[in-house]
Amino acid sequence: MIETVTNGRSGTAMQGFANTISEEDIELVVDFVRREFMQNKATNTRYHTVENGWPNHEQYAPAFPFALGAIAIDTLDHELSPAEQIGKRIFMQSCITCHDRARVNEEGAIWDTRAVSFPRNQYSHKKEARKKEAHSRSGGTENIDSESGASPYARHDRAPVLERVTAQIREGEQLFQANCAFCHAADGTGKNWIGSFLEPHPRNLTDSANMGSMTRDRLRKVIREGLPGTTMPAWKSVFNLKQIDSIIDYIDKAFHPIDG
Ligand code: HEC
Ligand code: HEC
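Note that the coordinates shown come from a computational prediction; the quantities given were computed from them, not determined experimentally.

About the criteria used
What you see as residue numbers is a count from 1 along each chain, following the sequence as written. To label them, take the chains in the order written and letter them from A, then take the ligands in the order written and number them from 1. Local features are withheld for residues below a pLDDT of 70 in this predicted model, meaning they are given only at 70 or higher, and side-chain atom pairs are given and counted only at 80 or more; totals for whole chains, interfaces and linings count all residues. With hydrogens and water stripped out, all remaining heavy atoms of the structure feed into the side-chain values. One heavy atom within 4 Å of a molecule or strand makes the whole residue count as near it. We define a polar contact as two N or O atoms separated by no more than 3.5 Å, with the added condition that, inside protein, one atom must be a possible hydrogen donor and the other a possible acceptor, whereas residues neighbouring each other in sequence contribute only through side-chain atom pairs. Helix numbering and strand numbering both begin at the N terminus, where a helix is a DSSP run of H or I of at least 4 residues and a strand a DSSP run of E of at least 2. Because water is not among the atoms used, a metal site may look incomplete, as its donors are only the N, O and S atoms within 2.8 Å, or 3.2 Å for Na, K and Ca. When four donors show all angles between 85 and 135 degrees the site is tetrahedral, when four or six donors have opposite pairs over 155 degrees and all other angles between 65 and 115 it is square planar or octahedral respectively, and in every other case it is irregular. Accessible area is worked out with a 1.4 Å probe on protein chains only. A residue is then buried under 20% of its type maximum, exposed over 50%, and partly exposed in between. The patches described consist of residues with a relative accessible area above 30% and no salt bridge, like charges being joined within 9 Å and nonpolar side chains (Val, Leu, Ile, Met, Phe, Trp, Tyr) within 5 Å. With residues, only the protein chains shown are counted as cover, and all accessible areas are computed by Shrake-Rupley using a 1.4 Å probe. Criterion for a salt bridge: a side-chain nitrogen of Lys or Arg within 4 Å of a carboxyl oxygen of Asp or Glu. Under this grouping Gly is polar, as are all residues other than the nonpolar Ala, Val, Leu, Ile, Met, Phe, Trp, Tyr, Cys and Pro and the charged Asp, Glu, Lys and Arg.

## Observations concerning the site of ligand 1
Neighbouring ligand 1 are 14 residues, the closest being Tyr47, His48, Cys95, Cys98 and His99. A distance of 3.3 Å separates an oxygen atom of ligand 1 from a polar backbone atom of tyrosine 47. Measuring from a nitrogen atom of ligand 1, one finds a side-chain N or O atom of histidine 99 at 2.7 Å. For the shell around ligand 1, the secondary-structure elements that each account for two or more residues are α3 (64-68) and α4 (82-99). Among the elements that take part in the shell around ligand 1, α4 stands out by supplying 4 residues, more than any other.

In structure tokens, the structure reads:
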């Protein structure tokens, strides 16, 4: 081995190191290779070790098949077992930055383009807040979502917390948060990431200057018909009248009282 490291192997990519490393160092490195890899069969060629800052990497085991290419990452959720679905989510959130796509069934765009401050799939500020509370009670480190925490728009992605409201308002809340919050922000201000780019800005549904003179009739009309020349869509073929009334009840309760 010393001979090979010193003079190289002709006809292979193995070059000689006689001119770069001293004789003494060549002996040391050969000793190291023999001890670590040939005698101890050390596992330090693995990346996810405690030494590399990955204690208990086994906890991510459900994601391994996606990292190793055993399961293609564009496999649809309904074709995966519940455990595999969790593994895929872990992989997409925490591993793909380094592992890229180990294997896909269909080449092509696999990235979802999504605005940074718009809550990501499965993300819930409420859930995070509860986790954080539980953590600090147990003296653990705080579990803050740094991505949202760092964004000046993120606080507008939080819906007002409503307690003891009617089923109709809950329905309106669900419809608004699923369909309108994207532009108007979860808190109705339109000061979320997307909202700040639209021109004209989505109306601030909490601002008395606009909402002071708003009536239910006007709301019904504008939600049904949209506002031509702006990005405010017409919803009449999406929602029935009862659903639109639920949304109006929600706006009335959560953002600004509607007279008349
Ligand atoms: C900071 C970059 C990085 C991240 C993040 C990362 N990996 Fe790796 N991973 C690597 C490297 C580098 C290797 C070694 C690659 C090789 O040997 O080909 C590796 C190897 C692996 C291996 C092969 C066995 C081993 O331990 O070396 C598995 C399995 C694996 N990663 C799973 C995961 C999972 C699951 C996640 C997400 C929870 C993840 N990795 C996140 C860089 C990363
Ligand atoms: C694609 C972006 C977008 C979506 C989605 C959207 N809006 Fe709008 N909305 C706007 C914009 C932009 C305006 C402001 C237009 C203006 O200022 O002229 C607006 C205006 C409004 C207004 C004020 C109308 C007025 O006459 O003052 C109301 C109320 C409203 N939207 C409610 C909703 C509701 C309820 C939903 C969901 C069912 C919704 N919007 C979904 C972009 C959007």
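Next comes the rest of the description.
## Let's talk about the coordination of the iron atom of ligand 1
For the iron atom of ligand 1, the full set of protein donor atoms is His48 (NE2) and His99 (NE2), at a range of 1.9 to 2.0 Å. Classification of the site at the iron atom of ligand 1 as octahedral follows from its 6 donor atoms and the range of 87 to 180° in their angles at the metal. Of the two residues, histidine 48 is situated in the loop between α2 (23-39) and α3 and histidine 99 in helix α4; the sequence distance between them amounts to 51 residues. The buried category is assigned to histidine 48, whose relative accessible area is 18%.

## Digging into a nonpolar patch on the surface
On the surface, Met1, Phe32, Phe37 and Met38 cluster together into a nonpolar patch covering about 360 Å² of accessible area. With respect to the secondary-structure elements, methionine 38 resides in helix α2. Given a relative accessible area of 43%, methionine 38 falls into the partly exposed group.

## Notes on the coordination of the iron atom of ligand 2
Protein ligation of the iron atom of ligand 2 involves His184 (NE2) and Met232 (SD), the donor distances falling in the range 2.0 to 2.1 Å. Considering all 6 donor atoms around the iron atom of ligand 2, angles at the metal cover 87 to 178° and the coordination shape is octahedral. With histidine 184 in helix α8 (residues 181-184) and methionine 232 in the loop between α10 (216-225) and α11 (241-254), the pair connects residues that are 48 residues apart, well separated along the chain. For histidine 184, a relative accessible area of 11% gives the class buried.

## Quick notes on the site of ligand 2
Around ligand 2 there are 23 residues in total, and Cys180, Cys183, His184, Arg203 and Met232 lie nearest to it. Within the side chain of histidine 184, one N or O atom sits 2.7 Å away from a nitrogen atom of ligand 2. Arginine 218 has a polar side-chain atom sitting 2.3 Å from an oxygen atom of ligand 2. Those elements giving two or more residues to the shell around ligand 2 turn out to be α8 and α10. Ranked by the residues each element gives to the shell around ligand 2, the list is headed by α10, at 4 residues. Grouping the constituent residues of the shell around ligand 2 by class yields 16 nonpolar, 5 polar and 2 charged.

Geometric descriptors of this kind do not, in isolation, establish any biological role.
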